[in-house]
Structure formats: C-alpha cells, structure tokens
Amino acid sequence: MIVHDFSNENSVLNQFVLEMRDVSIQKDSMRFRKNIERIGEILSYEMSKTLHYKTEVVKTPLGEKEMKVPETDIVVCSILRAALPLHTGVISFFDKAENAYISAFRHHPDGGDAFEVIVNYLASPSVEGKTLILTDPMLATGKTLENVLKAFKSHGMPKEIHILSIIGAKPGIAYIQDKFPENTHLWIAAVDEKLNSRGYILPGLGDAGDLAFGVKL
C-alpha cells in the first residue's frame, strides 16, 4: 500500500480539517458536511494524477487540440453513513463513476470496549478490472475497511483500490497495510498518533457520523 499523507503539507486542506476538529465549529452540521465534501474534492484531485490516461482530440470553434483525459472505469463506494458527504465530493470530480454503498457499524456485544464490525448491506456493480474508491472519513482501527474488503470479494477483483480518508490513526493505517493488496493507495488529510480504549482516534474529532447527521440511538 502506498500512503499519501497530506498532514505535513501547507494547503487549504488543513483549514477544513481544523474546522472539523474544533469543538466550537463542528456542531454546525451543515458546515461539517461541507468540509467533508471539500476534502473529498481535494483528495480526488490529488488521486486523479495517478490514474491511467488516454489522448483525445477535441474540436473547438477555431481548430483542434489533443488533450489527456482519464481512461479509468471507477466505482466509488461509501461506507454508510459518515462517508456520504465524502462520496459527494468524489463524484463531483468523477461524474462518470459508478456508485456503491455499504453499511458497516461497530457492535459492542457486552457494552465494553471490545467490538466487532458488522457489514449487513452492500449495493454495488461489479468491480472486476475497475478502480475501486473506498470513502471513509475516519480510519481508526482499520477493521471496518478490512470487513468492507471481504464483502467485495463476491463482486470481482478490482484493478486497483484507492482509500480516501480525512483522519486516521497510525495503528489503523499499519493494520490495513497488511490486509489490502499492494496496488492500494491511501489518500489521507491528517494522521493522529493513537486510539483510546474504545478504538476512537485521539485527538481525532469525535463521531463523524453523529456530527454530520445527528446523534443516533
């Protein structure tokens, strides 16, 4: 896996991440969702530089011009529900992409810190020979992405995989590096050092799904 970590680069991306972290700003759910969407657009632009391209000739009112454009069949998959604004940011750049949606949630069987990730819904076209983009704002333990990858086995073998995340923890990133194939890229806006006992990123930003869409029961 190739990790593209933008946390040490100076760009407007840092402003959007700061606003998502800030306890005095993040309670504005509309702004929170918009910042997720903006980050999705920025990461999509950076990712687009690594895709396969072909040359097309475009006819203008005054002549013709050769241009290089992406030559990639893309499937964008959101991990519900927090990734929906991230998904919107991605498909605003890749408007010809196919779309997929998968549910994944943590289940704490005894109410303690230990949990399992349950995947019980996947709606997706075939990903055989295509570029699969997985969007998940928070890469904490990495177990969610591991289970999502397993769920996609019945839908074919993608040519390559790109994971787009906003904040990740170093232990989770290390974990998925052993689970995903070599032709996988991780595009991530910020990396934090550790997890707490319940597997949440520290300092992170809290529960991205709740902040974007409201507190769930």
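- As annotated in an unreviewed UniProt entry, the protein carries the name Uracil phosphoribosyltransferase and comes from Aequorivita soesokkakensis.

**Remarks on the layout of surface pockets**
Argument step 1. Looking at the largest pocket, its volume works out to about 660 Å³.
Argument step 2. Taken together, 26 residues form the lining of the largest pocket, with Ala104, Phe105, Arg106, Thr144 and Asp207 sitting closest to its centre.
Argument step 3. Those elements that place two or more of their residues in the lining of the largest pocket are β4 (74–80), β5 (98–107), β8 (138–139), α4 (143–151) and α6 (208–213).
Argument step 4. Per element, the largest residue contribution to the lining of the largest pocket is four residues, and it comes from β5.
Argument step 5. Considering only residue class, the lining of the largest pocket consists of 12 nonpolar, seven polar and seven charged.
Argument step 6. Taken together, 13 residues line the second largest pocket, and the ones lying closest to its centre are Pro70, Thr72, Phe94, Asp95 and Lys96.

**Looking at the nonpolar core**
Argument step 1. By size, the foremost hydrophobic cluster in this structure holds 33 residues, and its most contacted members are Phe32, Ile39, Phe94, Ile133, Ile166, Ile167 and Leu205.
Argument step 2. Where this core is concerned, the elements lending two or more residues are α1 (13–21), α2 (29–48), β4, α3 (84–91), β9 (160–169), β10 (184–192) and α6.
Argument step 3. Sorting elements by how many residues they give to this core places α2 first, with five residues.
Argument step 4. With residues up to four places along the chain from it excluded, the contact list for Ile166 reads Val17, Met20, Ile36, Ile39, Leu86, Asp136, Pro137, Ile188, Ala189 and Ala190.
Argument step 5. Counting 23 residues, the second largest nonpolar core, distinct from the first, contains Leu139, Val148, Ile163 and Ile176.

Thresholds, definitions, all that
- Residues numbered from 1 in each chain as written.
- Predicted model: local features only at pLDDT ≥ 70, side-chain atom pairs only at ≥ 80, totals over all residues.
- Heavy atoms only, no water.
- 1 Å grid on protein atoms, 1.4 Å probe; cavity = no way out; pocket = protein on both sides within 12 Å on 5 of 7 lines; lining within 4 Å.
- Points joined across faces, edges and corners; volume = space filled by probe spheres on them.
- Helix = DSSP H or I, 4+ residues; strand = E, 2+ residues; numbered from the N terminus.
- Nonpolar A, V, L, I, M, F, W, Y, C, P; charged D, E, K, R; others polar.
- Core = buried A, V, L, I, M, F, W, Y, C linked by side-chain atoms within 4.5 Å.
- Buried < 20%, exposed > 50% of the residue type's maximum accessible area, 1.4 Å probe, protein only.
- Contact = heavy atoms within 4.5 Å.

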